[in-house]
Structure formats: C-alpha cells, structure tokens
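Overview (structure and organization)
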Amino acid sequence: MTDHVHDLRSVREATDRLLTAVAKLDNAALAEESHLPGWTRGHVLAHLARNADALVNVLEGRPMYESATARDADIERDSGRLLEEHLADLRDSGAAFLATAEPGQDWSRTVELRNGVTDVAANVPFRRLVEVELHHVDLAVGYELADLPEEFTDREITFLADRWSGRPEVPPTTLAAAGGRTWRTGSAGDPAVTVSGTPAALLAWLAGRGDKGASLTTAGGPLPALPPL
C-alpha cells in the first residue's frame, strides 16, 4: 500500500539533495547539455520547477498543464535563467508542493494527470519523487542511477514494469535483478524473454536512460524494444 507520508518525506530529502548539487554549479554549467537530448541543465531545472506547480494543480483539482504547448513554452522560457533564479524557483515551487500535499487530503480520491491519465491521489507524492530523483540523474552532475536509494529503484522498476504490462508491442518478458528480485512485463502469455542485470541497469532500460540496455543480458530472444515514455 502506498504510504504518502513516507513519500512526502522522501520528496523533501531528495529535493534537498538536488538543491545542494545544483548550488555547486555556475551559470555556464546550466547552459551545458544534460543527459536528455536537446535539453540543457537549465531546461531540466525549469521542468522540475514547473512540474511541482503542475502537481499542485492536480491536488487542487485543476488541469495539470494549460496545454502541452504551454508546458513546453514555460520550460523554454525559464531554461536560460541565472543560477540563483533557478535555485529560488526550485525551492519555492518544491515548498509549495509540500505545503499543498502535507495538510489533510482525501488521499483515496482519483485525480487527473496529463493526457487523460488518472491515478489515486496517494500516488502523487511518489510521482513527484520520480521527477526529482530521475531528473537529478539527468543533470549529469555526478549523481547516477546506481546512487538512487534502493527502495526507490525497486518501486520505480515495479511502476514501469506495470506500465508496459499488457502492451502488445512488448513481448512477454521477465525482468531479473541481481539478488533474485523478478518482475513481469509486456503482453500476455508465458514470458519467453528474460532480461537480467543490476537494478540500476534495468531501471535505465525501462526509463530510457543510461546505456538503454547495453549492459543487460537477455535469454530467449533479443532485448525488447520499449515504447517511449
């Protein structure tokens, strides 16, 4: 069962780690490429701040974003700001999200995210945690997928494995992590393909990051191609 109190605490801790790392950068570093194609570090930071605003909208019953075009325009607008402006925006938007989420809420209600996706309100804090943790890695500042908390990596693999379950374009697949943990993903049927590797490598593949599966081993067939996130 989702523990939103635990997840909100994790969001606060992950945000503190992110802010500490970003504060060590300079303006020139913000204009350099991140691990996300076509995005500078400034784009990643702008996205993180606007995502916090968007999740406040979700919790307060408003559309997550005005539109996809407006979302992209806001990120582009804010991407070129100075370091101190990014830091202030990350602090303020992150604090606003926590201030909205931490008071009493009906955590069992259904909320609407982007593109008509719905979820239980109690899962919103973990969704914010995913944004903060993975985009911290995307900044290319020395925080790697292998540095993510073990509990987070396990939960995000579970989430992404569930996301690709039932997709006809993904063959029935077993994911096997070092240490014995396994997941099931892909279309219905008995898994013929087994994908094995470290939890960090499995997460990189599922999330379209890192070497995207180059360090994994497969049995029973080639590494399945996953749809874009």
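This write-up is about the structure you can find in this document. (Residues numbered from 1 in each chain as written. Predicted model: local features only at pLDDT ≥ 70, side-chain atom pairs only at ≥ 80, totals over all residues. Heavy atoms only, no water.)

Our next topic: the overall build of the chain. Each helix and strand counted, the chain has eight helices and six strands in total. Listing the helices and strands of the chain from first to last along the sequence gives α-α-α-α-α-β-β-α-α-β-β-β-α-β. A globule of 229 residues ought to have a C-alpha radius of gyration of about 17 Å, and the chain, at 18 Å, matches this closely. Taking the principal axes of its C-alpha atoms as reference, the chain extends roughly 50 × 40 × 35 Å. Every one of the 229 residues in the chain was classed for burial, and the buried ones make up 48%. Look at the contacts in the chain between residues 6 or more apart in sequence, and 56% of them connect residues 24 or more apart. For the chain, the exposed area adds up to about 11000 Å²; of that, 53% sits on carbon and sulfur atoms. Here the chain contributes 22 positive and 35 negative side-chain charges, whose respective centroids are spaced 2 Å apart. (Helix = DSSP H or I, 4+ residues; strand = E, 2+ residues; numbered from the N terminus. Rg over C-alpha atoms; globule rule 2.2 N^0.38 Å. Buried < 20%, exposed > 50% of the residue type's maximum accessible area, 1.4 Å probe, protein only. Contact = heavy atoms within 4.5 Å. Areas by Shrake-Rupley, 256 points an atom, 1.4 Å probe, with all protein chains shown as cover. Lys, Arg positive; Asp, Glu negative; His and termini not counted. Charge placed at Lys NZ, Arg CZ, Asp CG, Glu CD.)

Moving on: the nonpolar core. Judged by nonpolar contacts, the single largest core of 63 residues is most densely connected at Phe97, Leu134, Leu145, Leu148, Leu175, Leu202 and Leu203. With residues up to four places along the chain from it excluded, the contact list for Leu202 reads Ile157, Leu175, Ala176, Ala177, Trp183, Val195, Gly197 and Leu216. (Core = buried A, V, L, I, M, F, W, Y, C linked by side-chain atoms within 4.5 Å.)

Let us look at the packing of helix 1 (residues 4-22) against helix 5 (residues 83-101). Contact pair helix 1 / helix 5: the axes reach a minimum separation of 11 Å and the direction vectors enclose 175°. By the criterion of interaxial angle, the relationship of helix 1 to helix 5 is roughly antiparallel. In this structure, helix 1 uses Leu8, Val11, Arg12, Leu19 and Val22 to contact helix 5, whose residues at the interface are Leu83, Leu87, Leu90, Arg91, Phe97, Leu98 and Ala101. Here the residues of the contact of helix 1 with helix 5 are counted per class, giving ten nonpolar, no polar and two charged. (Axes fitted to C-alpha atoms, helices over the stretch in contact; angles between N-to-C directions. Parallel < 35°, antiparallel > 145°, perpendicular 65-115°, else oblique. Nonpolar A, V, L, I, M, F, W, Y, C, P; charged D, E, K, R; others polar.)

Now for the packing of aromatic side chains. Pairs of aromatic rings are described using the distance from one ring centre to the other and the angle between the two planes. Taken as a whole and judged by the stated rule, the model has one aromatic pair. When the centroid spacing of 5.9 Å and the interplanar angle of 45° are considered together, the rings of Phe126 and Phe152 count as tilted. Highlighted residues: Phe126 in helix 6 (residues 124-138) and Phe152 in helix 7 (residues 150-164), separated in sequence by 26 residues. The burial state of Phe126 is the same as that of Phe152; both residues are buried. Taking NZ or CZ as reference, Arg71 lies 5.6 Å from the ring centre of Tyr65, over its face. The ring of Phe126 has Arg155 sitting right over it, with the charged end atom 4.0 Å from the ring centre. (Phe/Tyr/Trp six-rings, centres within 6.5 Å; stacked < 30°, edge-to-face > 60°. Lys NZ or Arg CZ within 6 Å of the ring centre and 35° of its normal.)

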